[in-house]
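Summary of the model geometry
Letter by letter, the chains look like this.
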Amino acid sequence: MLGSLWSRLKGFAPLFFISMGLLSWRITAPYGWLAPWIISAMLFFAVLNMPPSAAAPRPKHLLLFVLQIAIGGTLYFILSAWDHVIATSLFMCFLAPAATAAGAMTSLMEGDTGFATGYTILTHGLICFLAPFLLPLLDDHSQLPFWTLSGQIALLVARMVILPITLAWLVRYLMKRRGRTPGPHRTLTYWLWLSSLIFILGKAVAFVSEEGGGNPLLLVASFGVGFLACALQFTLGPPLSRWIGVEEVACRQAMGQKTAALTLWLCISFMHPLVAPGIAGYIAWQNFFLTYYMNRYLRQSTRS
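Parameters at a glance
Residues numbered from 1 in each chain as written. Predicted model: local features only at pLDDT ≥ 70, side-chain atom pairs only at ≥ 80, totals over all residues. Heavy atoms only, no water. Helix = DSSP H or I, 4+ residues; strand = E, 2+ residues; numbered from the N terminus. Buried < 20%, exposed > 50% of the residue type's maximum accessible area, 1.4 Å probe, protein only. Contact = heavy atoms within 4.5 Å. Expected span 1.5 Å × (residues − 1). Bend = angle between axes of the 7 residues up to and from the residue. Polar contact = N/O pair within 3.5 Å; in protein donor to acceptor, adjacent residues only side chain to side chain. Salt bridge = Lys/Arg side-chain N within 4 Å of Asp/Glu carboxyl O. Core = buried A, V, L, I, M, F, W, Y, C linked by side-chain atoms within 4.5 Å. Axes fitted to C-alpha atoms, helices over the stretch in contact; angles between N-to-C directions. Parallel < 35°, antiparallel > 145°, perpendicular 65-115°, else oblique. Patch = residues over 30% accessible without salt bridge, like charges linked within 9 Å, V, L, I, M, F, W, Y side chains within 5 Å. Areas by Shrake-Rupley, 256 points an atom, 1.4 Å probe, with all protein chains shown as cover. Lys, Arg positive; Asp, Glu negative; His and termini not counted. pLDDT = per-residue confidence, 0-100.

**What about the environment of Ala-96?**
Tracing the chain through its elements places Ala-96 in the loop between helix H5 (84-95) and helix H6 (102-108). For Ala-96, a relative accessible area of 5% puts it in the buried group. Taking the C-alpha atoms as reference, Ala-96 lies 8.5 Å from His-124; in sequence the two are 28 residues apart. Every residue in contact with Ala-96, bar those within four places of it in the chain, is listed here: Lys-258 and Thr-263.

**What about helix H7 (residues 113-138)?**
Given 3.6 residues to a turn, an α-helix orients residues that are three or four positions apart in the same direction. With 26 residues, H7 should cover 38 Å at 1.5 Å per step; its first-to-last C-alpha distance of 33 Å lies more than 12% under that length. At Leu-130, H7 shows its largest kink, close to 50°, and the proline Pro-132 lies no more than four residues downstream. The opening residue of H7, the one whose side-chain oxygen lies 3.2 Å from the backbone nitrogen of Gly-114, is Asp-112.

**Some details on the pattern of salt bridges**
Following the criterion strictly, the structure yields 1 salt bridge and no others. A salt bridge links Glu-248 to Arg-242; its shortest N-O distance comes to 3.7 Å. Judged by relative accessible area, which is 32%, Glu-248 ranks as partly exposed.

**Side note on helix H11 (residues 248-256)**
In terms of burial, H11 is largely enclosed, as 8 of its 9 residues are buried. When H11 is considered as a whole, its buried residues turn out to be Val-249, Ala-250, Cys-251, Arg-252, Gln-253, Ala-254, Met-255 and Gly-256. The N-cap of H11, judged by a side-chain oxygen 3.1 Å from the amide nitrogen of Val-249 a few residues on, is Glu-247.

**What about the nonpolar core?**
With 71 residues, the main nonpolar core has Met-92, Met-105, Trp-193, Met-271 and Met-294 as its most contacted residues. For this core, the leading source of residues is helix H13 (residues 276-303), giving 11 residues. Excluding anything up to four places from it in sequence, Met-92 contacts Leu-135, Leu-138, Thr-263, Cys-267, Met-271, Val-275 and Ile-279. Grouped together as the second largest cluster of nonpolar side chains are 13 residues, Ala-98, Ala-116, Leu-240 and Val-246 included.

**Overview of the side chain of Thr-88**
Relative to the assigned elements, Thr-88 resides in helix H5. Judged by its relative accessible area of 1%, Thr-88 falls in the buried class.

**Some remarks on the packing of H5 against H7**
Their axes nearest at 12 Å, the elements H5 and H7 cross at an angle of 175°. Here H5 is positioned roughly antiparallel relative to H7, judged by the angle of their axes. Each of His-84, Thr-88, Phe-91, Met-92 and Leu-95 in H5 lies in contact with H7, whose residues at this interface are Ile-127, Leu-134, Leu-135 and Leu-138.

**With respect to a nonpolar patch on the surface**
Nonpolar side chains collect at one region of the surface, where Tyr-31, Trp-33, Trp-37, Leu-163, Leu-167, Leu-170, Tyr-173 and Leu-174 lie side by side and expose about 860 Å² of accessible area between them. Among the elements that make up the nonpolar patch, the one with the highest residue count is helix H8 (residues 146-177) (5 residues). Assignment of secondary structure puts Leu-170 in helix H8.

**Re unusual backbone geometry**
Located in the positive-phi region is Glu-110, a residue other than glycine, with phi close to 60°. Locating Glu-110 in the fold gives a position in the loop between H6 and H7. Looking at Glu-110, the relative accessible area reads 54%, which means it is exposed.

**Describing the side chain of Arg-252**
Along the polypeptide, Arg-252 turns up in helix H11. Buried within the structure, Arg-252 lacks any salt-bridge partner; Glu-248 is the closest side chain of opposite charge, at an N-O distance of 4.7 Å.

**So, the confidence of the model for the protein chain**
Across the protein chain, the average pLDDT comes to 78, with 80% of residues at 70 or higher. Ranking the elements of the protein chain by mean pLDDT puts helix H1 (residues 2-23) last with 62 and H11 first with 92.

See below:
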């Protein structure tokens, strides 16, 4: 009975933390710098019980990335007929690399953690090379030299992705040398994710509030395309997973769950101010989708 009650309460926990993030943004926004470190810790524990070979990028990763960019590019050209800035905002939601937490969330829902983590590694690596080429084409505000921009992106990727993965595999190797096998840390990863919601959403609400002095219609439209991009990528994950032959949960999370810090930083630093609210909106919307899928998984687990 207590176990069943705890499962029900656990299902409402994401909604509570989302509400806290949205309502207490004035308090939590200054501490938004904690979110990337919390997410890196999630990635560390997700990778800890996974051999390095399982996360190696494979041709199916590259195929999924090409399909994702093709969908985003097609929508960009269609939407550009109405407004170039809003179209750019939508495309950035597709270009954004898979979240460092995608592997951790896939692990929580017992999907193929290796595929999701491999996609995270691949997309973060590709954006280091693609962003310096694409940003000047998408927005004439981007005037930094190729190597300067690429280097700044690479430093952020190293901190958020390479560092936790390297540490996890080092700890795994040392434990193996002692005859011990790292186990999954799903409960800890789950609560780390919940705590990250407060700071991520607080930062997103603060950013949209600060940018609210511009064109209200374009601000709402930019925030709205964040929802459109989020809904499309989470929804297209399952059918695309069957088409390319990968596990459904991993494909859905790899496509739909995006890293917030890197893409928002790119938009704020190098693009038109109204591009960024689309990413800020995506950050908020993806957590509602994650809450839905996590609750669905918990209900199915309880029934089984």
